[in-house]
Amino acid sequence: MGEIIGLFVVLIIFLIAAIFLSFGKGAFLIAGYNMMSKNEKQKYDEVALCKFVGKIMYGISFCLLLFILSEIYQNTILLIIGIVLTIFFSIFGIIYMNTGIRFKKNEQS
């Protein structure tokens with residue numbers, strides 16, 4: 001029962017962070033962005049980056065829900081699906097954010 005409560009608390013924290021990020025706020029929660037200098041941060045579209053990270057957080061929150069359900073119903077399949085989806089969301093998010101210029105501001109004069 002303690003594991004379920006712990007996972008539920010983490011799920012709530014992730015959902016709150018996802019909601020916060022979905023409104024384009026909370027860039028300080030994004031580790032790589034948070035460590036940039038002010039000049040570097042000005043090159044990025046902070047709102048778009050926050051919204052994308054919020055979507056990834058919703059996906060990971062869903063995975064946490066699968067972990068909770070797998071514990072409640074003692075169903076290993078739900079656990080495996082949750083782990084696979086967590087890995088997918090993490091790898092997809094890292095690749096999507098770091099390839100191309102999706103989150104860079106257009107520098108038009």
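Q: What is the right way to look at the side chain of S61 in this model?
A: Here S61 shows up in helix α4 (residues 46-73). Looking at S61, the relative accessible area reads 3%, which means it is buried.

Q: Just to check I follow, could you spell out helix α1 (residues 2-22) for this structure?
A: For an α-helix, 3.6 residues make a turn, and residues three or four places apart therefore share a direction. If you check α1, its first and last C-alpha atoms are 30 Å apart, about what 21 residues at 1.5 Å a residue would give, namely 30 Å. Restricting attention to buried positions, one finds in α1 the residues I4, L11, A17, A18 and L21. Projected onto a plane normal to the axis of α1, the buried residues spread over an arc of 150° and lie on a single side. Exposed side of α1, more than 90 degrees from the buried face: G2, I13 and I16 are the residues found there. One or two positions beyond α1, positive phi appears at G24, with a value near 85°.

Q: Can you help me understand the layout of surface pockets in this one?
A: Here the idea is plain: a probe the size of a water molecule rolls over the atoms and shows the empty space left. Considering only enclosed or pocket space, the largest pocket measures out at about 520 Å³ in volume. Around the largest pocket, the lining is made up of 25 residues, and of these I30, G32, L49, V53 and M97 lie nearest the centre. Of all the elements in the fold, those that place two or more residues in the lining of the largest pocket are α1, α2 (31-34), α4 and α5 (76-98).

Q: I would appreciate a short explanation of the packing of α4 against α5 in the present structure.
A: What describes two packed helices is the angle between their axes and the distance between those same axes. The N-to-C vectors of α4 and α5 enclose an angle of 170°; their axes lie 8 Å apart at closest approach. In this view, α4 runs roughly antiparallel relative to α5, as classed from their interaxial angle. Note on packing geometry: the crossing formed by α4 with α5 is left-handed. Tallied by class, residues from the contact of α4 with α5 come to 19 nonpolar, 6 polar and no charged.

Q: Is there a simple way to explain α5 in this structure?
A: The first and last C-alpha atoms of α5 sit 33 Å apart over 23 residues, in line with the 33 Å expected at 1.5 Å per residue. Along α5, the residues that are buried comprise L78, G82, F89 and G93. The backbone nitrogen of I77 has a side-chain oxygen 3.0 Å away, supplied by the residue at the start of α5, namely N75. Of the residues trailing α5, G100 is marked for its positive phi of about 75°.

Q: I would appreciate a short explanation of the pattern of salt bridges in the present structure.
A: Any two side chains of opposite charge can pair if their charged atoms end up close together. Within the structure shown, the criterion is met by 1 salt bridge. Of the charged contacts, one joins K43 and E40 as a salt bridge, the two residues approaching to 3.1 Å between their closest N and O atoms.

So, how was this worked out
Numbering of residues starts from 1 in each chain and follows the order in which that chain's sequence is written. In view of the model being predicted, local features appear only for residues whose pLDDT reaches at least 70, and side-chain atom pairs are presented and counted only at 80 or more, with totals across whole chains, interfaces and linings using the full set of residues. Side-chain measures were taken over the full set of non-hydrogen atoms in the model, leaving aside hydrogen atoms and water. Numbered from the N terminus, helices here are DSSP runs of H or I no shorter than four residues, and strands are runs of E no shorter than two. Exposed residues in this analysis have more than 50% of their type's maximum accessible area, buried residues have under 20%, and partly exposed residues fall in between, with area computed by a 1.4 Å probe over protein chains only. Here the expected span of a helix is defined as 1.5 Å times the quantity of residues minus one. The arc in question is the one traced by the directions running from the helix axis out to the C-beta atoms. Of the two site types, the cavity is a set of points on a 1 Å grid over the protein atoms alone where a 1.4 Å probe fits but cannot get out, and the pocket is an open set with protein on both sides within 12 Å along at least five of seven lines, each lined by residues with an atom within 4 Å of a point. Grid points are joined across faces, edges and corners, and a volume is the space filled by probe spheres set on the points. Axis definition: a line fitted to C-alpha atoms, limited for helices to the stretch in contact. Angles are taken between N-to-C directions and run from 0 to 180 degrees. Working definition: roughly parallel below 35 degrees, roughly antiparallel above 145 degrees, roughly perpendicular at 65 to 115 degrees, and oblique for all remaining angles. Throughout, a crossing is termed right-handed when the near helix is turned clockwise from the far one, and left-handed when it is turned anticlockwise from it by less than a right angle. Three classes are used: nonpolar for Ala, Val, Leu, Ile, Met, Phe, Trp, Tyr, Cys and Pro, charged for Asp, Glu, Lys and Arg, and polar for all others, with Gly counted as polar. Whenever a nitrogen or oxygen atom comes within 3.5 Å of another N or O atom, the pair is scored as a polar contact, on the condition that within protein one atom can donate a hydrogen and the other can accept it, and that pairs from neighbouring residues in sequence are kept only if both atoms are in side chains. Just to be clear on terms, a salt bridge is a Lys or Arg side-chain nitrogen sitting within 4 Å of an Asp or Glu carboxyl oxygen.

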